[in-house]
Amino acid sequence: MDTLNFFIIVFIIATFCLGMWWTFNTIRKIDAQKNYCALSLSSIAKLWRRAKYVPEDAKERESLYLYRDFLRKFDEEGGQYPVMVKDGKVRCMTRKEYDNVCNQNKIQPFSILLIVISAIIGVSAIAVNISTKSVWFGILLAMILPIMQIVFAVFIIRFNKDKDSYRDGIFMALKENSIAFLSITKPFIIVDAYPNEFGKNKKPLYATIGKLTEAQVAETRDYIIRQKEAETKVVVSSVDNTAEIQQITEEAIKKTLQQSEEKIAETTTETAIENPSAVENPTETPVTTEGNPAAAETPTNTEEAASEPENTDDQKPSIETMETLIRNLIDDTLKAEVEHEIQKVEQAKYAQQQPEVIEELQPLPVVEEPVPEIIEAPAENDFSLDAIGQALDAEIARRKQSRR
């Protein structure tokens, strides 16, 4: 009997080690399921949330770029896309659908093999010790493995619960943010989900159930064509700044006129302070004396003086003329400032490139230019290269001699 109990204890220890190995392997699988495409799914949740803020007039233009960003999320991990397509309708998968597509079935917290082994060992331990008085020892040996499985199952259930809550949170974010994104990128998803209808012979990227109608195929093709044309089309729009330039010019004119009026008012005030009699009686005629006949007014001069105030309005420049002059003045001022800035930049460049100044420069010796020799022109019938060169040298020498 003792020998049989020894073998039963050995089997219990071996089963315990097997249960430990199965438990850690199961926990590792749960952790792999928890982190399966977790980073990609989280980034897609943010991407779909961003699609909510795309303006209505920009959805057709931004849809292709959002779709490319969506596909780029899974380039590294190679996971399945959390999208379901059925009869042309696109939606986000549920957690159960996604787990079924990715073969991530729910992990059970117990093993049938371990249960069968524990039952066999327990029955054997009780049967061996039932004929003797040590029945309780057999029952104790039979209860070791079930208690072990219960402890292991508690750990597995805890890890499963953490994984489920984590994955449910990710898919809840996808569900809340998928409507705007899928409404924008729907045509491109349909193209990849039904490759045979759109001229491609490959495996669909998305889970596909049902078939498309001819109207849906035509609508999707038209949308893709418009997108491709919009992607390659360059839109050039001219900006008309005439009104803005005119407004700025008018403001500058008003400011200049205001400054002119202020200066005139200041000048008048200063004149009034220096010569009060001129301001108090501006129309008073100067007094003439007998000793100054030139200052005496003749009747003709009086008529001319009387007619001058009448023509003062005609001699004053018009408002349009004043505006034109002020505009020209502003333009000249701006041009002068731009030229001044350009000169500053050129002077700075020249100062950087300028070599070191030599304190004392020696006068250069005067070198007299040698009198060029008069080269005779070649014969008129000679058209060789040497003859043409001699003719040119002779002509240059002749012109230099004539200048002297």
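If you're wondering where the values come from, they're calculated on a predicted model, not measured in any experiment.

## What about the pattern of salt bridges?
Alright, step 1. Evaluation of the coordinates by the stated rule reveals 9 salt bridges.
Alright, step 2. Between lysine 59 and glutamate 56 there is a salt bridge, and its shortest N-O distance comes to 2.9 Å.
Alright, step 3. Its relative accessible area of 23% is what places lysine 59 among the partly exposed residues.
Alright, step 4. Residue class for glutamate 56 comes out exposed when judged on its relative accessible area of 65%.

## Let's talk about helix α5 (residues 112–130)
Alright, step 1. Here α5 contains 19 residues, and its C-alpha end-to-end distance of 27 Å stays within 8% of the 27 Å for a straight helix at 1.5 Å per residue.
Alright, step 2. Of the surrounding secondary structure, the elements contacted by the buried residues of α5 are α1 (2–34) and α6 (135–193).

## Considerations on the pairing of strand β2 (residues 89–92)
Alright, step 1. Side chains Val90 and Cys92 of β2 all project onto a buried face; the interleaved residues Lys89 and Arg91 project onto a face where none is buried.
Alright, step 2. In terms of strand pairing, strand β1 (residues 83–86) meets β2 through 4 bridges, oriented antiparallel. Across the sheet, the residue bridging to methionine 84 is arginine 91, located in β2.
Alright, step 3. Where β1 folds back on β2, the antiparallel hairpin that results is connected by 2 residues, among which aspartate 87 adopts a positive phi of roughly 55°.

## Comments concerning the environment of methionine 148
Alright, step 1. Here methionine 148 lies in helix α6.
Alright, step 2. On the basis of relative accessibility, which here comes to 5%, the residue methionine 148 falls in the buried class.
Alright, step 3. When the C-alpha atoms of methionine 148 and serine 118 are compared, they prove to be 9.8 Å apart, with 30 residues separating the residues in sequence.
Alright, step 4. Every residue in contact with methionine 148, bar those within four places of it in the chain, is listed here: Thr15, Phe16 and Gly19.

## Thoughts on the packing of aromatic side chains
Alright, step 1. One pass over the full model with this rule turns up 14 aromatic pairs.
Alright, step 2. With a centroid separation of 5.0 Å and 55° between ring planes, the pair formed by tyrosine 98 and phenylalanine 171 is classed as tilted. Within this pair, whereas tyrosine 98 is found in helix α4 (residues 95–101), its partner phenylalanine 171 is found in helix α6, the two being separated by 73 residues in sequence.
Alright, step 3. Overall, tyrosine 98 belongs to the buried group, its relative accessible area being 0%.
Alright, step 4. Assessed through its relative accessible area of 6%, phenylalanine 171 is described here as buried.
Alright, step 5. Centre to centre, the rings of phenylalanine 188 and tyrosine 223 are 6.0 Å apart; their planes meet at 75°, and the pair counts as edge-to-face. Note that phenylalanine 188 is positioned in helix α6 and tyrosine 223 in helix α7 (residues 214–232), a separation of 35 residues in sequence. Tyrosine 223 matches phenylalanine 188 in its accessibility class, with the two residues each being buried.
Alright, step 6. The aromatic ring of tyrosine 166 is capped on one face by lysine 34, whose charged end is 5.4 Å from the ring centroid.

Conventions and cut-offs
- Residues numbered from 1 in each chain as written.
- Predicted model: local features only at pLDDT ≥ 70, side-chain atom pairs only at ≥ 80, totals over all residues.
- Heavy atoms only, no water.
- Salt bridge = Lys/Arg side-chain N within 4 Å of Asp/Glu carboxyl O.
- Buried < 20%, exposed > 50% of the residue type's maximum accessible area, 1.4 Å probe, protein only.
- Helix = DSSP H or I, 4+ residues; strand = E, 2+ residues; numbered from the N terminus.
- Expected span 1.5 Å × (residues − 1).
- Contact = heavy atoms within 4.5 Å.
- Pairing = 2+ DSSP bridges.
- Phe/Tyr/Trp six-rings, centres within 6.5 Å; stacked < 30°, edge-to-face > 60°.
- Lys NZ or Arg CZ within 6 Å of the ring centre and 35° of its normal.

By themselves, these figures tell us nothing about what the structure is for.
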